[in-house]
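# Structural description and commentary
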Amino acid sequence: MSFLLDGEEVPFIPGQTIMEAARAAGKYIPHLCWDHEFAPHGSCKLCTVKVDGRFGAACTVAAHEGMNVDNRSAELDDKRRTLLQMLFVEGNHFCPSCEKSGDCKLQATAYELKMMSPHFDHFFPDRPVDASHPELLLDFNRCILCELCVRASRDTDGKNVFALSGRGIKTHLIVNSPSGRLADTDMAATDRAASVCPVGVILRKRRGFKVAIGNRTYDKAPISEQPQ
Amino acid sequence: MKSKVKIATTSLAGCFGCHMSLLDIDLRLLDLVQLVDFDRSPINDIKRVGACDVGLIEGGVCNAENIEILRDYRKHCKILVAVGACAVNGGLPAQRNHLDLRDILEEVYQTSPGLAPGSAIPNDPELPLPLNKVHPIHEIVRVDYFVPGCPPPADALWKFLTDLIAGRTPVLGHGLLHYD
């Protein structure tokens, strides 16, 4: 069974989403909150494609025989770029001083979609960091609310360290401990949640800038040419 | 002979790193001066900007003087370009934006240890007034092109300028477009 993705035939097994089938076929659909290890979340909308003329999130829409899916059209990439620009201005994303720079999915996706400017006015929010944990640092300034850490901690580590709190524009990442500090949880540096963050929120201490510029993940090749 | 493209450059709330990166095109500077004339720029120390084809702006906007200069460049330049992280998104200076300006000034000039007795926040009328927040330049004036990077690599500036001068839409590919 197969469907068309940007005019190319992509095989699928019944039950697979468009994203899963595309990944298996080595095709890149831009995404941030999706990771093949975890249940889809469908919140970032970066993976929005057009299925037979209708918008849908590739990570949640099931593949069907003969469907016609637009992915990297100018129309969709324009909308994706706008989503990225909104993510950039909502947080404090200062790449030159971020340890994750060069390995960051938000940044690499913005390069892929040729985001030249933030376009909108910046919020410059005030978000304190949490350096309480001996091995891990939390810098909430960069959170894009993808919930990958929430899913990894709950579903893989069985610990439930993270959660989203608040609603709408006030939604923010919190740590599930009475004090709200990471040091007062059972989080360990070896947890899946410690390495799942696509941006620079959850960082291992004493590791920053160890890899030279030029050798980082997305220095070598654009995100669209790397394994998803 | 075809008339040369006139370029003006300036650094607002920046560190001149982007200008250093421009100088970093090395021998290609000799090719560049065949194609362009420089109007106001730290390179030649001309004080007032005249009518130009291209204005390259380094740095964000952190005080009243920055706004005046930026608006002057916008008025005189047909094409205005935000060069580098600070012009594009405020960059390092904008990392003060979540702090109160008065708190910062008091800590730096009045309360931090080691200051001479009687130290006060500078208040000379010649000093431009700082703004409450540091702004990327597109929040003040219309901007035609953006070249990100801290600084943008010399090759990115060369590619951008040669595309622009040749009348092509400037495109920065993998390795030339980066935010750090």
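Parameters at a glance
Numbers given for residues are sequential positions, taken from 1 along each chain in its written order. Each chain gets a letter, beginning with A, and each ligand a number, beginning with 1, in the order they are written. Thresholds applied to this predicted model are a pLDDT of at least 70 for local features of residues and 80 or more for the giving and counting of side-chain atom pairs; totals over whole chains, interfaces and linings are not thresholded and use all residues. Hydrogens and water are ignored here; the side-chain numbers use all heavy atoms of the structure. Here's how the labels work: a residue is buried when its accessible area is under 20% of the maximum for its type, exposed when over 50%, partly exposed in between, all with a 1.4 Å probe on protein chains only. By definition, any uninterrupted DSSP run of H or I lasting at least four residues is a helix, any uninterrupted run of E lasting at least two residues is a strand, and each is numbered from the N terminus. The pairing criterion for strands is at least two bridges between them, as found by DSSP. Within this scheme, the nonpolar core is defined by two criteria: the residues are buried Ala, Val, Leu, Ile, Met, Phe, Trp, Tyr or Cys, and they are joined through side-chain atoms within 4.5 Å. In this document the domain limits rely on a domain assignment from an automatic tool or a database. Note on contacts: a residue pair is in contact if any heavy atoms of the two residues lie within 4.5 Å. Buried area adds together the accessible area that both of two parts lose upon being put together, with accessible area traced by a 1.4 Å probe. The working definition used for a salt bridge is a side-chain nitrogen of Lys or Arg within 4 Å of a carboxyl oxygen of Asp or Glu. Two kinds of site are reported from a 1 Å grid over the protein atoms alone, namely cavities, where a 1.4 Å probe fits but cannot get out, and pockets, open sets with protein on both sides within 12 Å along at least five of seven lines, and residues are called lining when an atom falls within 4 Å of a point. Grid points are joined across faces, edges and corners, and a volume is the space filled by probe spheres set on the points. The classification used treats Ala, Val, Leu, Ile, Met, Phe, Trp, Tyr, Cys and Pro as nonpolar, Asp, Glu, Lys and Arg as charged, and all other residues, Gly among them, as polar.

Residues and elements named next belong to chain A. Residue alternation in strand β9 (residues 172-175) divides its side chains into a buried set, Leu 173 and Val 175, and an unburied set, His 172 and Ile 174. Here strand β8 (residues 162-165) runs beside β9; their pairing, made up of 4 bridges, is antiparallel. Residue Ala 163 lies in a different strand from β9, and its bridge partner there is Ile 174. Counted along the chain from β8 to the antiparallel partner β9, the turn is 6 residues long, and its residue Gly 166 has a positive phi close to 80°.

Before going further, it helps to examine the sheet that holds strand β10 (residues 202-204) of chain A. All names here are of chain A. Strand order in the open sheet made by the 3 strands is β6-β7-β10, with antiparallel pairing throughout. The sheet is open, and its two edges are formed by β6 (129-130) and β10, each paired on a single side. In this sheet, β10 lies alongside strand β7 (residues 136-139) in antiparallel orientation, the contact comprising 3 bridges. Along β10, the bridge assignment pairs Leu 136 with Arg 204.

Moving on to the nonpolar core. If you look at the biggest cluster of nonpolar residues, it comprises 63 residues, and the most contacted ones within it are A:Leu106, A:Phe162 and A:Met187. No other element matches helix α6 (residues 154-165) of chain B, which puts 7 residues into this core. Split by domain, this core shows at least three residues from each of two domains, domain 1 (2-72) and domain 2 (97-219) of chain A. Among all residues touching A:Phe162, those that are not within four sequence positions of it are A:Leu138, A:Cys149, A:Val150, A:Ser153, A:Leu173, A:Ile174, A:Val175, A:Asn176, A:Leu182, A:Met187, A:Ala193 and A:Ile202. Counting residues in hydrophobic clusters, the runner-up holds 20 residues, among them B:Ala8, B:Val49, B:Ile57 and B:Cys77.

With that settled, the discussion passes to the domain arrangement of chain A. All names here are of chain A. If you check the domain split of chain A, you get domain 1 (2-72) and domain 2 (97-219). Using only C-alpha atoms to locate each centre, domain 1 and domain 2 end up separated by 25 Å. Across the contact, 15 residues belong to domain 1 and 16 residues belong to domain 2. A combined buried area of about 1,200 Å² lies between domain 1 and domain 2, and 55% of that area is made up of carbon and sulfur atoms. Interface area lost by domain 1 to domain 2 is led by Leu 32, Phe 38 and His 41, which between them contribute 48%. Linking domain 1 with domain 2 are 2 salt bridges.

Bringing the layout of surface pockets into the picture now. All names here are of chain A. Roughly 870 Å³ of volume is contained in the largest pocket. Taken together, 37 residues line the largest pocket, and the ones lying closest to its centre are Lys 100, Asp 103, Ser 195, Cys 197 and Thr 217. Of all the secondary structure elements, the ones that give two or more residues to the lining of the largest pocket are β10 and α5 (217-220). For the lining of the largest pocket, the leading source of residues is β10, giving 3 residues. In terms of residue class, the lining of the largest pocket is made up of 19 nonpolar, 7 polar and 11 charged. The residue makeup of the lining of the largest pocket includes at least three contributed by each of domain 1 (2-72) and domain 2 (97-219). Considering the residues around the second largest pocket, the lining is formed by 29 residues, among which Glu 90, Arg 127, Cys 143, Leu 145 and Thr 171 are closest to the centre. Every element with two or more residues in the lining of the second largest pocket is listed here: α2 (74-90) and β9. The class makeup of the residues in the lining of the second largest pocket is 17 nonpolar, 7 polar and 5 charged. Residues from two domains meet in the lining of the second largest pocket; each of domain 1 (2-72) and domain 2 (97-219) gives at least three.

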